[in-house]
Amino acid sequence: MRRYNIYVTVPASGKFELIKENMSPIGVQEEDYWKECFTWIELKDLVPHMKTLRWKLKITPVDEEELPGKIHLFPFTYGVNHEVQLLTISGLRLIMTRDMGHLRATKNMNNPFGY
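In this report, the structure presented in the accompanying data block is examined. From a predicted model like this one, the values you see are computed outputs, not experimental measurements.

What counts, and at which threshold
Residues numbered from 1 in each chain as written. Predicted model: local features only at pLDDT ≥ 70, side-chain atom pairs only at ≥ 80, totals over all residues. Heavy atoms only, no water. Buried < 20%, exposed > 50% of the residue type's maximum accessible area, 1.4 Å probe, protein only. Helix = DSSP H or I, 4+ residues; strand = E, 2+ residues; numbered from the N terminus. Pairing = 2+ DSSP bridges. Salt bridge = Lys/Arg side-chain N within 4 Å of Asp/Glu carboxyl O. Phe/Tyr/Trp six-rings, centres within 6.5 Å; stacked < 30°, edge-to-face > 60°. Expected span 1.5 Å × (residues − 1). Bend = angle between axes of the 7 residues up to and from the residue.

## Brief notes about the pairing of strand 5 (residues 92–99)
Of all eight residues in strand 5, six are buried, a share of seventy percent or more. Relative to strand 5, strand 2 (residues 14–20) is paired through four bridges, and the arrangement is antiparallel. If you follow glutamate 17 over to strand 5, its bridge partner there is threonine 97.

## Looking at the pattern of salt bridges
Summed over all chains, the structure comprises three salt bridges. One salt bridge in this structure joins lysine 20 and glutamate 42, with 3.0 Å as the shortest N-O distance. Separated by 22 residues along the polypeptide, lysine 20 in strand 2 and glutamate 42 in helix 2 (residues 40–52) bring together distant segments of the chain. Here lysine 20 matches glutamate 42 in class, with each residue buried. With a shortest N-O distance of 2.4 Å, glutamate 21 and arginine 93 are connected by a salt bridge. Pair noted here: glutamate 21 is in the loop between strand 2 and helix 1 (29–36) and arginine 93 is in strand 5, with a separation of 72 residues, a long-range link.

## Remarks on the packing of aromatic side chains
Under the definition given, this model contains one aromatic pair. Measuring from ring centre to ring centre gives 6.0 Å for tyrosine 4 and tryptophan 40, while their planes differ by 55°; the resulting arrangement is tilted. Here the residue tyrosine 4 occupies a position in strand 1 (residues 2–10), and tryptophan 40 occupies one in helix 2, the gap between them amounting to 36 residues. Looking at tyrosine 4, the relative accessible area reads 15%, which means it is buried.

## Considering helix 2
A rise of 1.5 Å per residue sets the reference length of helix 2, with its 13 residues, at 18 Å; its end C-alpha atoms lie 19 Å apart and thus fit the reference within 8%. At leucine 46, helix 2 shows its strongest bend, of approximately 25°, with the proline proline 48 following within four residues. Along helix 2, the residues classified as buried are Glu42, Leu43, Leu46, Val47 and Met50. In the stretch just after helix 2, arginine 54 is the one whose phi turns positive, near 65°.

Don't take any of this as a statement about function, it's just geometry.
Shown next, in the form of structure tokens:
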């Protein structure tokens, strides 16, 4: 069985990773990651709604044999250099997150002293 990760670009806000809320994490990294990915049926409900919001989507497949070593950053770094928004789309509770530390580092490298 295959599941999917979703990355979105929201106009005037930037790029985010979408994670399905896992209401009962068990602490096993691979299993929790798998539960936070989207099924094909969920994508069929989510994608049309996100397109009406004019979000640009990047959907990447995840196979079960690829799970070792993969994590979603949100559960481990909640609130630390991450912008986090909770939202509900098509009846699914989603976590929309992005790494703000990386964005600030890139900005500072391109513009010395933050100017």
